[in-house]
Amino acid sequence: MFELPSRIRLLYVVLAVLLLVGLLPLALAGVLLSRRSADELRAVEGRYQAQLVQDKARQIELYGQRYRDVVSGVARAFEIAGGIRLLSDAGYDARLQRTLQDDPNLIALAICPVGGEIHLAFQPELIKREEVDQRVGEVLARMSTRGVIVGRPQIIRSGQEMGLTIASPVMKDNEIIAAVVAVVSFQEVFKAVQQSSSKSERELLAEGLPVVFVVDQNGKAVAHPDALVAFSERPMTDVKVVQDWLETGAQVQSALAPFTLERDGRVAPMLGSYATVELDRNSLLGVIAIQDEAAALASVRDMRNQTLFVSLLAATLALLIGFYFAEKLTRPVRELAAGARRIAAGDFSRRVKVPGRTELGELGSSFNQMTDQIEQFVGDLQRSANENHELFLGTVKALAAVIDGKDPYTRGHSERVSRFSVATAQGLGLPETEIERIRISALLHDVGKIGIDDSILKKPSALTDEEFQIMKSHPQKGYKIMSQIPAMRDFLPGMYMHHEMVNGQGYPQGLKGDEIPLQARVVSVADTFDAMTTERPYQRAMDLDAALTRLKSFVDTRYDARVVAAFIAACEAGKIRPGVTRVRRNKTSPFRNPEELLPVSQTPSDSRLAIS
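Residues numbered from 1 in each chain as written. Predicted model: local features only at pLDDT ≥ 70, side-chain atom pairs only at ≥ 80, totals over all residues. Heavy atoms only, no water.

Trainee: I'm lost on the overall build of the chain in this one. Help?
Mentor: Within the chain, the secondary structure is distributed over 19 helices and twelve strands. Counting all 612 residues of the chain, 46% fall into the buried class. For the chain, the proportion of contacts with a sequence separation of at least 24, taken over those separated by at least 6, is 63%. (Helix = DSSP H or I, 4+ residues; strand = E, 2+ residues; numbered from the N terminus. Buried < 20%, exposed > 50% of the residue type's maximum accessible area, 1.4 Å probe, protein only. Contact = heavy atoms within 4.5 Å.)

Below, the structure written as C-alpha cells:
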C-alpha cells in the first residue's frame, strides 16, 4: 500500500507551484494553439484540394472541348461545302498530314465517308495504322445520330502514350454521309496532374503535397504523376476516395472525402477530394487528389515540438531560478524549524539566524525573542521545581525525623535507610527517577508508626502478641495516610510492602518473589541492616561482617538475592557504613539479654527486627 511521506519539504512545494503556474499555461496554450492551427490548416488544405481538383477538371474539360470543336468544325465545314466531294482532290491526304504537323496534340485525323475510302493522316512514330483503324472503328460503331462522340482515354501501345478518340458526323439532309475522327494526345492532361513536378507519388505524399490523378468510369488510372501507373491501366478502386467518386458518378461535381490508407505498414489518415470531368454525356472522368494528412500538417507538428522545447526550456529555467529563490525562501523556514526542535529538546543555547528585511527576518527576530522568554520562563520553572523538590524533600525528611524522634532508639533510622537504599539502587543500575522514588520511599517507610501508640512504640521490653499485631499494622497505616496524597503515589510500594518476604511469609499481603515491587525489596534489606547495626534496648549492635552474614542467611527466604548482592557490593565499595546509636541502659532492668524481651516462639531477628 502506498503511504504518503510524513513530511514534504517546502522547497518541493514552491518548485511544484512555479512549474504549475509557469509551465502549465504555456503547455496548455501550446496544445490548444496547435490543435486550432491543425484544424485551420486541415480546412485550408481541404479547400485547396477541392479547388485544385475543380481547376484540373475544368482544364481537362477545356482541353477536351477544344478538340471537340476542332473535330466538329471540320465536320461542319464539309456540311457547308455541300458534302465530301473535296475528298476526290488528289492532294487532300497531304493537306491532312500538314494539319497534324501544325498541331502536335493531334496524333491521327481521319475522314470516313459512308461507303467510301477512308482518308487518313497519323504520326507513325506515335501510333500505328492498325491502332488508328481500331480506334476509328470503335467510335464509328457508337455513332448513330448528330453529336460529338468522345471515347475513353486508352493507351497507345506503340508510342507508350495515352490518347483520346473524338468523332463527329457529317450530315446531309439529316443523314450521316461521313464522319471526322481524331486521336488526340492526353499528354497535356499528364502535364496538368504532374503539377510541374518530377517527384514520384511516394515522394509527394511524404512531403505532404497532394497527388492528383485521373481515372475513368472503371476506376482505372488514365493520367498519373507516375506514367507507369497510367500505362499499366491499374485499377485505383482500393483508394476510398475513388470508390466515393464512382458511387456518386455525375451526381456530384466535386467533394471532400477524408479517408485512411495503409502506407509503409501503418494506417495513415488522408485528405481526399474529387471532381468530375464531363467530356460528353457518356464519357466521364474523375480528377482525384489525395494527401497524407500527417505530412500536410507537419508544420503543426513542428510547432508542437517547438512548443514542447520552449516548455521544457521554460521548465528548466523555472526550476533553476525557482530552486535559487525557493532555497532562499525555505532556508529561514528550515532554520526556524531546527530552532523549534532545539527548544523542544530543551536546548536554549543557540538562536536562529534569519537575516533580511522581509517578514521572514521579522519572524526570525520574534522567534529569538520568544526563545529568550521561554528560556527565562523555563529557568524560573526549573528553579521553582528545584525549590519545590527541596521543600518536598525537606518536608519528607522532617516528617521522617518526627517519626524517628518518637523513639530515641531509632533516631536517624529513616535517613540511614534512605542512604542505604539509594546506594543499593545505584548498584542495581536503576535509572535516576527510580532511585529518587526509592530515596523518598525509604524516608517514609515508617510513617505509619505515627498511628502506633507510644506505649507500644517505646516499650523497652518484649511485645505481647496483641501488641506485636498492632505494631505490624504500621505499613497499612502509612499507606492509608499517604495514598490520599496524589504526589505520594509513586512512593507507596516501599512504604507498604517493605516487610514482605520473598518466601511469602511477610506482611501485610504475604507476597512472594517478583510479586514484591523492587522498591520494597530494596528498602526491606536496608531497613533490616540498619536495625541490626544500631543498638536497641532489646539487642546490641552487630558489627558489619556479622550483619552481612546475617543478611546472606536470609537470601531467598526473606530477601531478594540480587538486592542483597548489590547491598553487599555497596558495603565493600565503602558506600554503606553501619549507623551507631548509643543507648543508655537501665541497670535495674531485668532484661539484660535482648532475647529475653521476645515471646518464646521468636528471636530478635524474627520479631522486633521485622518491624523496626
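Trainee: Would you mind going over the nonpolar core with me for this structure?
Mentor: Within soluble globular proteins, side chains that are nonpolar tend to cluster in buried spots. Residues Val180, Phe186, Val214 and Val287 are the most contacted members of the largest nonpolar core, which totals 43 residues. If we skip the residues at most four places from it in the chain, phenylalanine 186 touches Pro153, Met162, Gly163, Leu164, Val222, Ala223 and Leu285. Counting 30 residues, the second largest nonpolar core, distinct from the first, contains Val522, Val523, Ala547 and Ile576. (Core = buried A, V, L, I, M, F, W, Y, C linked by side-chain atoms within 4.5 Å.)

Trainee: Just checking my understanding: could you explain the packing of aromatic side chains for this structure?
Mentor: Given two aromatic rings, one states the distance between the centres and the angle between the planes to describe the pair. Applying the stated rule across the entire model yields seven aromatic pairs. Aromatic side chains phenylalanine 420 and phenylalanine 529 sit 5.5 Å apart centroid to centroid with 80° between the ring planes, which places their arrangement in the edge-to-face category. Here the residue phenylalanine 420 occupies a position in helix α11 (residues 413–427), and phenylalanine 529 occupies one in helix α17 (residues 518–533), the gap between them amounting to 109 residues. Phenylalanine 529 matches phenylalanine 420 in its accessibility class, with the two residues each being buried. A network of ring pairs unites the aromatic residues Phe420, Phe529 and Phe567 as a single cluster. The residue whose ring lies beneath lysine 472 is tyrosine 507, and the NZ or CZ to ring-centre distance is 4.9 Å. Arginine 558 extends its terminal NZ or CZ atom over the ring of phenylalanine 554, reaching a point 4.9 Å from the ring centre. (Phe/Tyr/Trp six-rings, centres within 6.5 Å; stacked < 30°, edge-to-face > 60°. Lys NZ or Arg CZ within 6 Å of the ring centre and 35° of its normal.)

Trainee: Please explain α17 as it appears in this structure.
Mentor: Note: α-helices contain 3.6 residues per turn, so residues at a spacing of three or four share the same orientation. Compared with the 22 Å implied by 1.5 Å per residue over 16 residues, the 23 Å span of α17 between its first and last C-alpha is a close match. Burial of α17 is extensive: 16 of the 16 residues sit out of reach of the surface. (Expected span 1.5 Å × (residues − 1).)

Trainee: Explanation requested: a nonpolar patch on the surface in the structure shown.
Mentor: Taken together, the side chains of Phe309, Val310, Leu313, Leu317, Leu320, Ile321, Tyr324 and Phe325 define a hydrophobic patch exposed on the protein surface, amounting to about 850 Å² of accessible area. Its location among the elements puts leucine 317 in helix α9 (residues 298–344). (Patch = residues over 30% accessible without salt bridge, like charges linked within 9 Å, V, L, I, M, F, W, Y side chains within 5 Å. Areas by Shrake-Rupley, 256 points an atom, 1.4 Å probe, with all protein chains shown as cover. Salt bridge = Lys/Arg side-chain N within 4 Å of Asp/Glu carboxyl O.)

Trainee: Could you clarify how one ought to interpret the environment of alanine 546 in this entry?
Mentor: With respect to the helices, strands and loops of the structure, alanine 546 is situated in helix α18 (residues 544–553). Classification of alanine 546 by relative accessible area gives partly exposed; the value is 33%. Distance in space between the C-alpha atoms of alanine 546 and threonine 533 is 9.1 Å, their sequence separation being 13 residues.

Trainee: Sorry, what's going on with the packing of α17 against α18 here?
Mentor: How two helices pack is summed up by the angle between their axes together with the distance between the axes. Contact pair α17 / α18: the axes reach a minimum separation of 10 Å and the direction vectors enclose 140°. Here α17 lies oblique to α18, going by the angle between them. Judged by the twist between their axes, the crossing of α17 over α18 is right-handed. Contacts between α17 and α18 involve Val525, Thr528, Phe529, Met532 and Thr533 from the first element and Leu544, Ala547, Leu548, Arg550 and Leu551 from the second. (Axes fitted to C-alpha atoms, helices over the stretch in contact; angles between N-to-C directions. Parallel < 35°, antiparallel > 145°, perpendicular 65-115°, else oblique. Left-handed = near helix turned anticlockwise from the far one by under 90°.)

Trainee: Please explain the pattern of salt bridges as it appears in this structure.
Mentor: It is possible for side chains bearing opposite charge to pair when their charged atoms get close. Per the stated rule, a full pass over the model turns up 14 salt bridges. With its nearest N and O atoms 3.0 Å apart, the salt bridge here joins glutamate 434 to arginine 437. In this pair, glutamate 434 and arginine 437 are both assigned in helix α12 (residues 432–443), three residues apart and thus about one turn of the helix distant. Its relative accessible area of 26% is what places arginine 437 among the partly exposed residues. One salt bridge connects aspartate 446 with lysine 449, and the closest N-O pair in it is separated by 3.4 Å. Accessibility assignment for this pair places aspartate 446 and lysine 449 in one class, buried. Salt bridges sharing common partners tie together Glu434, Arg437 and Asp490.

Trainee: Would you mind going over the pairing of strand β10 (residues 259–263) with me for this structure?
Mentor: The two faces of a sheet get side chains in turn, since along a regular strand they alternate between them. Burial along β10 is one-sided: Phe259, Leu261 and Arg263 are buried, while Thr260 and Glu262, pointing the other way, are not. Where β10 lies against strand β11 (residues 266–280), five bridges are found, and the strand directions are antiparallel. Looking across to β11, one finds that phenylalanine 259 is bridged to methionine 270. (Pairing = 2+ DSSP bridges.)

Trainee: Can you walk me through the side chain of arginine 521 in this structure?
Mentor: Structurally, the position occupied by arginine 521 is in helix α17. Given the relative accessible area of 11%, arginine 521 is considered buried. Other than its neighbours up to four places away in sequence, arginine 521 contacts Gly513, Asp514, Ile516, Asp560 and Val563.

Trainee: I keep staring at the pairing of strand β1 (residues 106–113) and nothing clicks. Help me out?
Mentor: Among the eight residues that make up β1, eight are buried, leaving the element largely enclosed by the rest of the structure. Strand direction decides the pairing type here: β1 and strand β6 (residues 175–185), joined by seven bridges, are antiparallel. Residue pairing across strands places leucine 106 opposite valine 184, the latter belonging to β6. Sheet topology note: the β1/strand β2 (residues 119–122) ladder contains four bridges and is antiparallel. By the bridge assignment for β2, isoleucine 111 is matched with histidine 119. If you look at the hairpin formed by β1 and β2, you'll find five residues sitting between the two strands, and glycine 115 has a positive phi there, around 75°.

Trainee: What is the right way to look at the confidence of the model for the chain in this model?
Mentor: Interpretation of the predicted coordinates at a detailed level should be avoided for regions scoring low in pLDDT. Looking at the chain, pLDDT values average 79 and 84% of them are 70 or higher. Looking at the elements of the chain, mean pLDDT is at its lowest for strand β9 (residues 254–256), recorded as 68, and at its highest for helix α19 (residues 561–572), recorded as 93. Predicted confidence is poor over residues 580–608, with pLDDT under 50, and the contacts of this stretch with residues over four places away or in other chains come to 56 contacts. (pLDDT = per-residue confidence, 0-100.)

Trainee: So what exactly am I meant to see when it comes to unusual backbone geometry here?
Mentor: Excluding glycine, a negative phi dihedral is what most residues carry, and trans is how most peptide bonds are arranged. The omega angle of the peptide bond from tyrosine 507 to proline 508 is 15°, so this bond is cis rather than trans. Within the fold, proline 508 resides in the loop between α16 (492–497) and α17. One non-glycine residue, aspartate 173, adopts positive backbone phi at about 55°. By the element assignment, aspartate 173 lies in the loop between β5 (161–172) and β6.

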